[in-house]
Amino acid sequence: MDKRVALFIPCFVDQMQPQVGLDTVKVLRRLSFQVEYPEDQTCCGQPAFNTGQWDSARPCAEHFVNVFKAFSQIVCPSGSCTSMVRTHYPELLKQSVLHEEAVAVGSRTFELSEFLVRVAGVSDVGAEFRHSVTYHPSCHATRELGIYDEPISLLQKVKGLDLRLMPNANECCGFGGMFSTKFGMVSSAMAETKIANIEATQAEYVTAVDPSCLMHLDGVLRFQKHTPKVIHLASILASEASL
Amino acid sequence: MSRLAEEFLVAAAQKSADLTHRATIKRNIDSYDAAVAKGKMRFVDWEAARARAAQVKSEGMHSLGPLLESFEAKIKARGGHVYWAENSEDARQYICDVAKKHDVKTVVKSKSMVTEEIHLSPALEKLGIKVWETDLGELIVQLRNEPPYHIVTPAMHLTREQIRDLFLEKMPSDVQGETHQELVAAARRFLRRAFFSAEMGISGANFLVADAGMVAISTNEGNGRLTTSLPKIHVVVTGIEKVIPRLEDLGVMWPVLATTGTGQPITTYSTLIGGPKTADEVDGPEEFHVVLVDNGRTEVLADKAQQELLRCIRCGACLNQCPVYRQVGGHTYKSTYPGPIGSALMPIFQGQQDYGHLSYACSLCTACNSVCPVKIKLSDHLLENRHKYVAEGNAKTSEKIGFSFFRWMAMNRSRYEFFGWAGRKALRVALGMGVKPEQLGPLAKWTKYRAVPEVPKESFRALWKKENGNGNR
C-alpha cells in the first residue's frame, strides 16, 4: 500500500495538546509510514460552522482543501474534525468551485483508528500499556463516521491493557464545541452522567479518539476531584514497554 | 439575546443542577429504553420498517394537497365537516364558533399536541366552557396548571407520591388508596363525570388516511374512544402533515409509532373514524368536524432543505434520546414541542429571533438522528437553523467580530501561528501570576465548571519543526 500519509492535526490539538500529535506520528512511523505535516494547515472551520457562521467557516474549509488536495491519504487524531471534512464540507462548500475537490479530499481523510484498521489493515501496533482503560465512543466518530469496532480492536491488542466497557457508552460527554461554554451547566451535567458511567468500570483511564471530548472530561474530572484520568487513543498506541 | 433565550439559559442551568429531577427522568427513560429495545426485536428488520415509514410520510408530504383533498371529499360524503385553518387564530375561532352554536358547556379532550400548539383550551375557557383533559398524564399536568412535559408522556417528571398528593387535593372523594392502580381508578371515577356531561369531544389525529378518508388515532387508556363517541359533537384538530396515502400504510405506521413511542407492539386502542354516526349506528357523534391546521407547515414544505421535518409522527423518541432534554427537562424549552424536534421546528414556526436559541441548545451528538423512526436528520436541521439565525443577523456582535477575526487568522499560517503562540503565552503568564480562573475573560465560561487545562509551552507544529520536520522522515 501507499506508505505516505499527510497529518491533519486539529488546531486545538496543535495549540493545546501537542503530545497527541506527536504520539500519532510515533504510531504511524512505527508502522513504517512516511509522515508528512503540511505546515500551511490551520483550522478546518468546525467551530464557525457549528455556530452558524458559515461565511467564516467557508474560507477555512477552502483553505483546508487547498492545503490537502495534493495528498492521497490524510490522517487525523480526531473523529469530529475528520467528520467536519468528510460529512459537512460537501454541504458547506455546495456552491464553491472547490466542491468536487472537497468531496474527494473528504473521502481520503481518515480518523486515526479508522485508518489503521480499515485502510492499513493493522490492529496490533506493538504497544504496551499496563493499565485498566475504558473507551468512550465519541458521537461524531460513531454516528457520523461509523467507527465502532476499530478503536476496540486496537485496544484489545495492546499488551497488558485491561479493557473495560462502560454502560450507556454511546451517550454524549457534553462537550459540543461552543455548546460547552454557551450552556456550561448543562454541558457539565452531561459530563457528570458520563463520569458516573466511567467510574462504574473502575478503570484508571478513559480513552477516546476525540481529543475535544477528553479535554472537556479531563476538565470536569479534575474540577470535581474524580480519580480516572483521560488519555487519547494515540497516546496508548504510542506507549511501549518501559525498560 | 431574546427574553426567551435569557430565560432558557437560567432555567436550563437550574434544572441541570437538580439531582432529583435527573434521577426521576433517568428512571423513566431507562425503562422506556428497555421497552423500546425489546419492541424493536419484534421486527424482522427494524431498519427496513423505518425506511418504509419514512417513505410513506415522504409520499404524504410530496402529494400533500391532492391527498388532503381526497381525505376531505370522503369525510364530506359521510356528512362530516372539514375546515382548513391557516393559523392558530383561525383554528381557534372555528372551534369556538362550533361550541357556541351548540351552547357547549363542557368539553372533553383526548391527547393532542396541536391543540397545545394553537392554545385552544384557554380560548374555550374564555367562553365559560369547562375543558377536561382525559389522557391521564394530560389530566395530571392540567390539574397542576402546567403544560405537558413531554409530547407522549406529559407527566414524566412526576413521581407517584407527587401525583397522590395532587389527587388528594383535587379529587379527594375519588381517591381510595395510594397504589398505582388505585390512583388510576380515582382519575377514572373523576373523568367519568366529565365524559357523561360533555357535549363536545376534541381529539387529535395520528394519521389522516387519504384513500379511505379516515382519521387514525392511537391511544392506550380508552379515553380516546370515549372522547370521540360519547359527546354529540366530535372535533378532530390536526396538522396537515399527518396525511398518509393508503389505509394499508397503517400496517407499518401503527407498529412503528407504538414501538418508538412506548415500546408497545401496537397501542391498546387503534381507532379509525370517518364521520358522524350513521342512521344504523348506535354510538358516535351527531356532528363531526376535522380542522386541518397549517400554522406554518406549508412554509416548511416550501423549503426543500427542511421539508423532511414534516415527516415527524410525534413519537417522542428524539426527546427521550436527547442528553440535553434529559438534563434540562421538557418545561425549560417553553415551547409546545420540546427536545430535538421542537428545537428544529419552533424557530421555523415562531421565528429565529425568539426561538433560535433552541437550535444552539444541542451538543450535536446526533443521537436523535439515529432513533428517529422516519429518519429525519434532526441535527442537520439544527445546524441549518443556526445558519439561518446568523444569516438573519441575530448573532451577538461580539460573536460576529470574533469569528471574522478567527477567519482572518485562520486564512494565513503566520497569523495563526503568532496568535496561537501569543494566546498560550498570555495564558501561561496570567496563570503563573496567580490570576484566578474566573478572571480569565472568555475562558472563565470554560473554567466555571472545569479545571484549567495545562497550557503547553510549544505547539505541535513548533515541536514538529524542531524534532522531526518534513525532511526527517
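## Considering the sheet that holds strand β3 (residues 74-76) of chain A
Think of a sheet as strands paired side by side through backbone hydrogen bonds, with each pair either parallel or antiparallel.
Residues and elements named next belong to chain A.
Then step 1. Judged by pairing direction, the sheet is parallel, and its four strands sit side by side in the order β2-β1-β3-β4 without closing on themselves. The sheet terminates laterally at β2 (34-36) and β4 (109-111), the two strands that pair on one side only. Shown here is a sheet whose adjacent strand axes are inclined to one another by a mean of 35°, direction ignored.
Then step 2. The pairing of strand β1 (residues 4-7) with β3 spans two bridges and is classified as parallel. Looking across to β3, one finds that L7 is bridged to V75.
Then step 3. Seen against the sheet, helix α5 (residues 79-92) touches β3 and β4 and runs at an angle of roughly 155° to β4.

## Here's the deal with unusual backbone geometry
Residues and elements named next belong to chain B.
Then step 1. Backbone geometry places H119, a non-glycine residue, at a positive phi of 50°.
Then step 2. Relative to the assigned elements, H119 resides in the loop between α6 (113-117) and α7 (120-126).
Then step 3. Among the residues examined, H119 registers 13 C-beta atoms within 10 Å and is labelled partly exposed.
Then step 4. Non-glycine residue K375 carries a positive phi angle of around 55°.
Then step 5. Structurally, K375 can be placed in the loop between α18 (367-371) and α19 (378-391).
Then step 6. Taking the C-beta count within 10 Å as the criterion, K375 has 18 such neighbours and is therefore assigned partly exposed.

## Observations regarding the environment of S404(B)
All names here are of chain B.
Then step 1. Locating S404 in the fold gives a position in helix α20 (residues 397-410).
Then step 2. Given 14 C-beta atoms within 10 Å, S404 falls into the partly exposed group.
Then step 3. For the pair formed by S404 and W254, sequence separation is 150 residues and the distance between their alpha carbons is 50 Å.

## Observations concerning helix α8 (residues 136-143) of chain B
Residue and element names in this part refer to chain B.
Then step 1. Counting buried positions along α8 gives six out of eight residues, so the element sits mostly inside the fold.
Then step 2. Among the residues of α8, G137, E138, L139, I140, V141 and Q142 are the ones counted as buried.
Then step 3. The secondary structure elements touched by the buried residues of α8 are β3 (130-133), α9 (160-170) and α10 (180-197).
Then step 4. Once α8 ends, the next one or two residues include N145, with phi positive near 65°.

Calculation notes
- Numbering of residues starts from 1 in every chain and runs along the sequence as written.
- The order in which chains are written sets their letters, starting at A; the order in which ligands are written sets their numbers, starting at 1.
- Side-chain atom pairs in this predicted model are given and counted only at pLDDT of 80 or more, local residue features only at pLDDT of at least 70, and totals for whole chains, interfaces and linings cover all residues.
- The criterion for strand pairing is that DSSP finds at least two bridges linking the strands in question.
- A helix here means a DSSP run of H or I that spans at least four residues, while a strand means a run of E at least two residues long, and both kinds are numbered starting from the N terminus.
- Lines are fitted to the C-alpha atoms to define the axes, a helix being fitted only along its stretch in contact, and any angle between axes, read from their N-to-C directions, falls within 0 to 180 degrees.
- By definition, residue pairs are in contact when their C-beta atoms, positioned from the backbone, come within 7 Å.
- Neighbour density around each residue's C-beta defines its exposure: 20 or more other C-beta atoms within 10 Å make it buried, 12 or fewer make it exposed, and counts between make it partly exposed, where C-beta atoms are placed from the backbone.

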